[in-house]
Amino acid sequence: MEADPYAESGEYLDLLSQGAWQALRVPIGKALRHVVPAAGPIVDVGAGSGLGVVVAAEAVADADIVAVEPSPVLRAVLLARVAGAEDLRRRVTVQAADVASMRLPAGVGGVMAINMIGHLPPTRRAAFFADVRKRLAPGAPLIVNLQPPAEVTTVPQSEFVSVVVGDRSYTGSGAARPAGEDSVTWTMTYRVLTGQGAVEREVVVNYPWYVLSRQRLLDELAGAGFTTSVGEMDVVTAISPG
């Protein structure tokens, strides 16, 4: 696996992602209706801190789940979340791997790839789609979501989220700049503010991100043999043919 891109920022991501996952819960829950539990587990690729694992476990009560996450920081939160709930502890297996090194069963009942597809360069993305396609049961879904930007462009600095815990505010902001013909670099800033608004801590990290328009994603999935539909929040459901 590559170096952990969340070594410094992972402390903040679960807290700052909870609001976004509340919005994603409904469209992802609808997509998960296509899961075929008898064919194998749901695989959550890039499971992060496990917010999506909870959504999958609630949406498909009889499915086992394989949660794949390469970051030790995020995986620590993921394991704590799984171990702290009896139902999750029984059903969820955590795998320390990235897309290149993960070990999936021959048959799976569904795959989630939420908030992660931009981490994959085009060649690896194509290999990922092909690998998932051959493992998915007929009619089972690959669930992917799109995140901005859809093209190589400059994104001005803006604050995305702010959450208050006790007398501290935790904020996440970011900006993007072109980094190649199909990628940008996100510069993300995470701050902890005191009740008086002073910056107590600040972490600045850079993430490479491969841009992907809706049409390009749909074309790539169609080329891999999937039938696709687009739901709310740009959640794409790609169905493996029967």
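Thresholds, definitions, all that
- Residues numbered from 1 in each chain as written.
- Predicted model: local features only at pLDDT ≥ 70, side-chain atom pairs only at ≥ 80, totals over all residues.
- Heavy atoms only, no water.
- Helix = DSSP H or I, 4+ residues; strand = E, 2+ residues; numbered from the N terminus.
- Rg over C-alpha atoms; globule rule 2.2 N^0.38 Å.
- Areas by Shrake-Rupley, 256 points an atom, 1.4 Å probe, with all protein chains shown as cover.
- Lys, Arg positive; Asp, Glu negative; His and termini not counted.
- Charge placed at Lys NZ, Arg CZ, Asp CG, Glu CD.
- UniProt positions renumbered as here; feature names shortened; annotations may be inferred.
- Axes fitted to C-alpha atoms, helices over the stretch in contact; angles between N-to-C directions.
- Parallel < 35°, antiparallel > 145°, perpendicular 65-115°, else oblique.
- Left-handed = near helix turned anticlockwise from the far one by under 90°.
- Contact = heavy atoms within 4.5 Å.
- Salt bridge = Lys/Arg side-chain N within 4 Å of Asp/Glu carboxyl O.
- Buried < 20%, exposed > 50% of the residue type's maximum accessible area, 1.4 Å probe, protein only.
- Core = buried A, V, L, I, M, F, W, Y, C linked by side-chain atoms within 4.5 Å.
- Polar contact = N/O pair within 3.5 Å; in protein donor to acceptor, adjacent residues only side chain to side chain.

Secondary structure assignment for the protein yields 6 helices and 11 strands. Computed over C-alpha atoms, the radius of gyration of the protein comes to 18 Å, within 12% of the 18 Å expected from 2.2 N^0.38 for 242 residues, which places it in the range of a compact globule. Accessible surface for the protein amounts to roughly 11,200 Å². Of this, 53% is attributable to carbon and sulfur atoms. Where the 20 positive side-chain charges of the protein centre and where its 25 negative ones centre are 4 Å apart.

Looking now at the UniProt feature "domain: Methyltransferase" (unreviewed entry) in the protein. The UniProt record annotates "domain: Methyltransferase" (unreviewed entry) at residues 42-139. Between the end C-alpha atoms of residues 42-139 the distance is 13 Å, and the span holds 42% helix and 16% strand.

Bringing unusual backbone geometry into the picture now. Following proline 148, the chain continues to proline 149 via a peptide bond in cis, the omega torsion being 0°. Unusually for a residue other than glycine, aspartate 234 sits at a positive phi of about 55°. Topologically, aspartate 234 is positioned in the loop between strand 10 (227-230) and strand 11 (235-239).

Orientation of helix 5 (residues 122-135) relative to helix 6 (residues 214-223), taken along the N-to-C sense of each, is 45°, at an axis distance of 10 Å. With respect to helix 6, the axis of helix 5 lies oblique. Like other packed secondary-structure pairs, helix 5 and helix 6 cross with a definite hand, here right-handed. Side by side, helix 5 and helix 6 meet where Pro122, Arg125 and Phe129 of the first sit next to Arg216, Leu217, Glu220 and Leu221 of the second.

Take the pattern of salt bridges next. For the coordinates displayed, the defined rule picks out 14 salt bridges. For arginine 90, the salt bridge goes to aspartate 87, with nearest N and O atoms at 2.7 Å. Here the residue arginine 90 and the residue aspartate 87 both occupy positions in helix 4 (residues 86-91), the gap between them amounting to 3 residues, near one helical turn. Judged by its relative accessible area of 32%, aspartate 87 falls in the partly exposed class. Note that aspartate 131 and lysine 134 form a salt bridge whose closest N and O atoms lie 3.7 Å from each other. Separated by 3 residues within a single helix, aspartate 131 and lysine 134 lie in helix 5, roughly one turn from each other. When salt bridges that share partners are traced, they join Asp87, Arg90 and Arg91 into one network.

This part takes up the side chain of threonine 185. Among the structural elements, threonine 185 can be located in strand 8 (residues 183-193). On the accessibility criterion, threonine 185 (14% relative accessible area) is buried. Contacts of threonine 185, omitting those with residues within four sequence positions, involve Ala175, Ala176, Arg177, Ala179, Asn206 and Tyr207.

Core analysis: the largest hydrophobic core is formed by 30 residues, its most contacted members being Val111, Phe128 and Leu142. Those elements that place two or more of their residues in this core are strand 1 (42-45), strand 2 (65-68), strand 4 (110-113), helix 5, strand 5 (141-145), helix 6 and strand 11. With near-sequence residues (within four places) excluded, valine 111 lies in contact with Val43, Val45, Phe128, Val132, Leu136, Pro141, Leu142 and Ile143. Among the nonpolar cores identified, the runner-up in size contains 25 residues, and Ile42, Ala56, Leu88 and Ile114 belong to it.

On the secondary structure map, serine 49 appears in the loop between strand 1 and helix 2 (51-59). At 2.5 Å, the side chain of serine 49 forms a polar contact with the side chain of aspartate 14.

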